[in-house]
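What the coordinates show
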Amino acid sequence: MTHWKYKRLSISFMQYINQIARDAMLFLSCLAPVLYGLFIKFGIPVAEKFLTGYYSRKEVLVPYFLIFDLFLVVLTPMMFSFASSMVILGEIDDGITKYMSVTPLGRGGYLISRLILPLTFSFVVSIIVMNVFSLTINSFEIIIALSFLSSVLGFMTTMMVVSLSANKVEGMAITKMSGISMIGIILPFFVLTRIQYLAILLPSFWMAKFALEGKITYLILCVMVSAGWILLLLRKFMKKTM
Amino acid sequence: MRIINLIKGDIRFQFKYGFYFVYAVFTAVYISLIFVMPQSWRERAAAIMIFSDPAAMGIFFMGAIVLLEKSERVLNSIAVSPVKTGEYILSKVVSLLFISVVVGIAITLPAGTKNLYASVIGTAFGSAFFTLCGLIVAANISSLNQFLTTAVPIEIISFLPPIMYLFGYDNMFMLIHPGCIIISLISGNSKHLFLLLAILCMWLVALYKVAHKYIQNMFQNAGGVNL
């Protein structure tokens with residue numbers, strides 16, 4: 001990539017950062033994982049102590065600590081994905097996306113500056129947050145893998161919102177619906193029979209399976225399923241912004 | 001007649017943009033969750049679900065609704081039409097109240113709430129409360145992210161005390177908080193009903209006045225920054 005391409009991308013990315021910083025969304029996106037991290041690191045063990053005493057059981061929440069970790073790892077990319085979705089939806093409504101596609105930045109550059117770069121940033125934040133606050137995951141390699149998968153999930157969620165909605169209101173409705181795709185995180189913990197495989201099309205399901213069993217096959221499946229969805233949605237987005 | 005047409009228009013708009021579809025799916029999810037819960041949890045869980053979602057949909061969607069109306073210049077048309085500010089607000093409140101109440105009833109019935117009427121009244125007042133809050137915020141923003149970050153503190157103030165109230169911190173003074181009254185009604189409590197409704201009405205009138213002032217300003221500057 002030439003120097004000029006880098007410059008275009010960095011200008012477009014800085015525009016995005018300025019936009020979300022002005023709306024305090026950047027601050028909120030970084031603050032939310034820290035607040036949630038503090039909650040699980042200090043609040044959950046206290047809750048566990050109280051609940052084990054109350055129900056006179058050896059453990060109540062411990063088997064589900066990994067679920068709290070998984071929500072922690074997806075929180076940062078989801079916040080950035082939400083911020084990106086809202087910025088892109090606003091720009092689609094205002095016609096800016098179409099203008100961008102005929103500038104030297106192009107549609108590809110536009111998507112990189114609004115999606116790939118923010119999610120790369122969130123990937124780094126996720127790694128830091130997981131290292132500090134995770135309850136169960138100590139392996140750095142697993143943290144990197146999960147942070148990568150959660151960034152891919154964030155990418156898919158944003159693509160879902162911006163490809164399937166015609167305007168801000170539809171975008172908000174789809175944002176709400178996209179929350180259901182996160183149900184895959186809890187399924188392997190609660191549905192122990194083969195019925196859980198009804199969720200094979202949810203990347204979050206494979207991410208949870210990977211976190212639970214550590215098999216590389218699940219990591220690959222998560223990437224493949226996400227890639228399938230992303231390609232499908234990307235094609236739709238490209239058609240829409242032509 | 002004008003107000004009926006406005007409400008019909010808003011309902012049609014909400015249907016077209018998928019609100020009814022989204023809430024049909026979410027209602028199915030909520031009902032499924034209620035059925036897998038132990039009987040003793042159901043009533044409280046249903047109250048939290050109704051309070052935090054269908055009743056609070058105004059604070060989630062209003063930013064997008066008003067911003068879309070701004071960018072499509074609907075507000076400019078309304079501003080020069082005979083539609084009054086109060087009618088615009090009422091239309092938004094009633095149209096969202098309709099869907100909130102329908103979803104609320106659908107969740108309440110399987111949860112076996114002891115007093116359906118109180119629950120419906122609570123959901124309706126909750127919906128009106130959050131829609132007015134949403135309108136106040138929406139009239140003062142220029143982007144969706146700005147709406148979200150402005151709405152978050154309101155959501156924290158509106159949601160935390162009611163959840164504390166529902167889980168046992170039920171001091172009488174908590175019932176000055178509109179959210180506590182609403183969640184108490186949604187969970188089927190009809191004790192001191194008229195007093196609680198009188199307090200809620202005072203809150204709604206105060207919010208309406210604030211919303212009216214901001215929406216009127218918005219109409220006067222119709223189009224805002226997106227023009």
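Residues numbered from 1 in each chain as written. Chains lettered and ligands numbered in written order. Predicted model: local features only at pLDDT ≥ 70, side-chain atom pairs only at ≥ 80, totals over all residues.

A word on the overall build of chain B
Along chain B, the regular secondary structure elements total 10 helices and 0 strands. From first element to last, N terminus to C terminus, chain B shows the α and β order α-α-α-α-α-α-α-α-α-α. Based on the C-alpha atoms only, the size of chain B along its principal axes is roughly 55 × 35 × 35 Å. When each of the 227 residues of chain B is scored for burial, the buried share is 44%. (Helix = DSSP H or I, 4+ residues; strand = E, 2+ residues; numbered from the N terminus. Buried ≥ 20, exposed ≤ 12 C-beta atoms within 10 Å, placed from the backbone.)

Notes on the overall build of chain A
Counting its regular elements, chain A contains 10 helices and 0 strands. Starting at the N terminus and walking to the C terminus, you meet the elements of chain A as α-α-α-α-α-α-α-α-α-α. In terms of C-alpha radius of gyration, chain A reaches 19 Å, essentially the compact-globule figure of 18 Å for 242 residues. Dimensions along the principal axes, computed over C-alpha positions, put chain A at roughly 65 × 35 × 35 Å. Within chain A, buried positions represent 44% of all 242 residues. If you take every contact in chain A between residues at least 6 apart in sequence, the share linking residues at least 24 apart comes to 71%. (Rg over C-alpha atoms; globule rule 2.2 N^0.38 Å. Contact = placed C-beta atoms within 7 Å.)

Description of the interface of chain A and chain B
When the parts of a complex come together, some accessible area is lost, and that lost area is often used as the size of the interface. Each partner contributes to the interface: chain A provides 22 residues, whereas chain B provides 21 residues. For the side of chain A that touches chain B, the secondary structure elements donating two or more residues are helix 2 (25-55), helix 3 (65-93) and helix 7 (168-178) of chain A. Broken down by element, the side of chain A that touches chain B gets its largest block of residues, 8 residues, from helix 7 of chain A.

Points about unusual backbone geometry
One non-glycine residue, Ala-24 of chain A, lies in the positive phi region at around 65 degrees. With respect to the helices, strands and loops of the structure, Ala-24 of chain A is situated in the loop between helix 1 (3-22) and helix 2. Ala-24 of chain A sits in the partly exposed class, given 16 other C-beta atoms within 10 Å. Unusually for a residue other than glycine, Arg-73 of chain B sits at a positive phi of about 60 degrees. With respect to the helices, strands and loops of the structure, Arg-73 of chain B is situated in the loop between helix 4 (57-71) and helix 5 (74-80). With 14 C-beta atoms counted inside 10 Å, the residue Arg-73 of chain B sits in the partly exposed group.

Re the confidence of the model for chain B
All names here are of chain B. Across chain B, the average pLDDT comes to 89, with 97% of residues at 70 or higher. Least confident of the elements in chain B is helix 5, whose mean pLDDT is 87; most confident is helix 7 (residues 116-138), at 95. This model gives residues 223-227 a pLDDT under 50, and the stretch forms 12 contacts once residues within four places in sequence are excluded. (pLDDT = per-residue confidence, 0-100.)

Description of the packing of helix 2 of chain A against helix 3 of chain A
All names here are of chain A. Relative orientation of the contacting elements helix 2 and helix 3 amounts to 170 degrees, with a least axis distance of 9 Å. Relative to helix 3, the element helix 2 is oriented roughly antiparallel. Where helix 2 abuts helix 3, its residues Met-25, Ser-29, Ala-32, Pro-33, Tyr-36, Gly-37, Ile-40 and Ile-44 lie against Phe-68, Leu-72, Leu-75, Thr-76, Met-79, Phe-80 and Ala-83. Broken down by class, the residue content of the contact of helix 2 with helix 3 amounts to 12 nonpolar, 3 polar and no charged. (Axes fitted to C-alpha atoms, helices over the stretch in contact; angles between N-to-C directions. Parallel < 35°, antiparallel > 145°, perpendicular 65-115°, else oblique. Nonpolar A, V, L, I, M, F, W, Y, C, P; charged D, E, K, R; others polar.)

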